[in-house]
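What follows is each chain in one-letter form.
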Amino acid sequence: MSGQTIWLTGLSGAGKTTVARAFAAQLAADGVSVEILDGDELRTNLSAGLGFSREDRDTHVRRVGFVAELLARHGVTVVVPVIAPYADARAAVRAHHRDRGTSYREVYVSTPLTVCQERDVKGLYARSAAGGLSAMTGVDDPYEPPTDPDLTIDTSRVPLDDAVDALHGLVRAESEVA
Ligand SMILES: Nc1ncnc2c1ncn2[C@@H]1O[C@H](COP(=O)(O)OS(=O)(=O)O)[C@@H](OP(=O)(O)O)[C@H]1O
Ligand SMILES: Nc1ncnc2c1ncn2[C@@H]1O[C@H](COP(=O)(O)OP(=O)(O)O)[C@@H](O)[C@H]1O
């Protein structure tokens, strides 16, 4: 299978990481070379020291996109659960891949804010509501939804297995084109 980047963008708690892990686990079980570049994790190494200003988020997204393209160019299926709230930054990552002939797919995990707030996996929405956290994406910081994603998944409506199947469909379609 040729390499590619599959970027899952969406709010905190939308289900990006859960879907990415389930999908990557299935690919790995099938012998596919796969890596997850998780925003939370990369912020402790590749992007250590960066915060959540627009400038820092854009720098972070550009770095992650750079690493993803390198891996994808060398045959890895790279799954990227990173919020990437700004359309311009996502477009720059797409262009970076296109310029190098590397496949890039954008998946909008469109789970509504109200559902993410109810889930509140990490307690960040509660902290934000209590005034203990500022610049929370979707609350008091922007999230610009993709206007033309390759796939949209609302995990409040789509069960995890179906979300993973949809990603397999995307990868298969890409492999048939390649
Ligand atoms: N202010 C604010 N806004 C959004 N998210 C926040 C914030 N502060 C901390 N966190 C936690 O950081 C994770 C987001 O990191 P990302 O690298 O995906 O974000 S970004 O693309 O740079 O916007 C995000 O991870 P996920 O919940 O997995 O999306 C949060 O756990
Ligand atoms: N269909 C689904 N797909 C993915 N996650 C789901 C689904 N239904 C419920 N969830 C739950 O939603 C939460 C999503 O959290 P997470 O994957 O960390 O989101 P994100 O990475 O976007 O911040 C998890 O607790 C997960 O178990």
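Reading the values: the criteria
Residues numbered from 1 in each chain as written. Chains lettered and ligands numbered in written order. Predicted model: local features only at pLDDT ≥ 70, side-chain atom pairs only at ≥ 80, totals over all residues. Heavy atoms only, no water. Helix = DSSP H or I, 4+ residues; strand = E, 2+ residues; numbered from the N terminus. Rg over C-alpha atoms; globule rule 2.2 N^0.38 Å. Pairing = 2+ DSSP bridges. Axes fitted to C-alpha atoms, helices over the stretch in contact; angles between N-to-C directions. Contact = heavy atoms within 4.5 Å. Buried < 20%, exposed > 50% of the residue type's maximum accessible area, 1.4 Å probe, protein only. UniProt positions renumbered as here; feature names shortened; annotations may be inferred. 1 Å grid on protein atoms, 1.4 Å probe; cavity = no way out; pocket = protein on both sides within 12 Å on 5 of 7 lines; lining within 4 Å. Core = buried A, V, L, I, M, F, W, Y, C linked by side-chain atoms within 4.5 Å.

Participant: Mind laying out the overall build of the chain, listing which residues take part and the relevant values?
Facilitator: Across its full length, the chain holds seven helices and five strands. Going residue by residue from the N terminus, the α and β elements of the chain occur as β-α-β-α-α-β-α-β-α-α-β-α. Radius of gyration (C-alpha) of the chain: 16 Å, near the 16 Å computed for a compact globule of 178 residues. Considered along the principal axes of its C-alpha atoms, the chain spans approximately 50 × 35 × 30 Å.

Participant: Explain the sheet that holds strand β3 (residues 77–81) to me, and be specific about the residues and the numbers.
Facilitator: In spatial order, the strands read β2-β3-β1-β4-β5; together these five strands make up an open sheet with parallel pairing. Every interior strand has two partners, whereas the edge strands, β2 (34–36) and β5 (151–153), have only one. Between one strand and the next, the sheet's axes are offset by a mean angle of 20°, whatever the strand orientation. The pairing of strand β1 (residues 4–9) with strand β4 (residues 103–109) spans six bridges and is parallel. Each bridged residue has a counterpart across the sheet, and for Thr-5 the counterpart in β4 is Tyr-104. Here helix α3 (residues 54–73) sits on the sheet and contacts β1, β2 and β3; the angle it forms with β1, its principal contact strand, is near 150°. Each of β1 and β4 touches helix α4 (residues 87–99); the most contacted strand, β4, lies at about 155° to it.

Participant: Any chance you could break down the pairing of β4 for me, citing the residues and the numbers?
Facilitator: Judged by how many residues are buried, β4 sits mostly within the fold: six of seven residues are covered. For β4 and β5, the ladder comprises three bridges, and the chain directions are parallel. Looking at β5, one finds that Tyr-108 is bridged to Thr-152.

Participant: Give a detailed account of the environment of Ser-33, specifying residues and quantitative values.
Facilitator: Among the secondary structure elements, Ser-33 is positioned in the loop between α1 (16–29) and β2. As for Ser-33 and Thr-77, which are separated by 44 residues in sequence, their C-alpha atoms are 6.2 Å apart. Apart from residues lying up to four places away in sequence, Ser-33 is in contact with Gly-75, Val-76 and Thr-77.

Participant: Please give an account of the UniProt feature "binding site: ATP" (unreviewed entry) in the chain that cites residues and values.
Facilitator: Following the UniProt record, the feature "binding site: ATP" (unreviewed entry) maps to Gly-10, Leu-11, Ser-12, Gly-13, Ala-14, Gly-15, Lys-16 and Thr-17 here. Here, the largest pocket is lined by Ser-12, Gly-13, Ala-14, Gly-15, Lys-16 and Thr-17 out of the annotated residues. Tracing the chain through its elements places Gly-13 in the loop between β1 and α1. In this view, Gly-13 contacts Cys-116, Arg-119 and Val-121; residues no more than four positions away in its chain are not counted. Tracing the backbone through its elements, the reader meets Gly-15 in the loop between β1 and α1. The exposure class of Gly-15 is buried, given its relative accessible area of 13%. With residues near it in sequence (within four places) discarded, Gly-15 still touches Val-109, Arg-119 and Thr-155.

Participant: Describe the environment of Ile-153, with residues and values.
Facilitator: Relative to the assigned elements, Ile-153 resides in strand β5. A relative accessible area of 3% means that Ile-153 is categorised as buried. Along the chain, Ile-153 and Thr-77 lie 76 residues apart, while their C-alpha atoms are 19 Å from each other. If near-sequence neighbours (up to four positions away) are discounted, Ile-153 is found in contact with Val-107, Tyr-108, Val-109, Ser-110, Thr-111, Val-158, Ala-163 and Leu-167.

Participant: Outline the nonpolar core, supporting the account with residue identities and numerical values.
Facilitator: Within the largest apolar cluster, 27 residues are counted, with the highest numbers of intra-cluster contacts made by Ile-6, Leu-8, Phe-23, Val-107 and Leu-167. Breaking this core down by element, the ones donating at least two residues are β1, α1, β4, β5 and α7 (160–177). With sequence-adjacent residues up to four places away left out, Leu-8 is seen in contact with Lys-16, Val-19, Ala-20, Val-79, Val-80, Pro-81, Val-82, Val-107 and Val-109. Counting 16 residues, the second-largest nonpolar core is a separate cluster that includes Val-61, Ala-72, Val-76 and Val-80.

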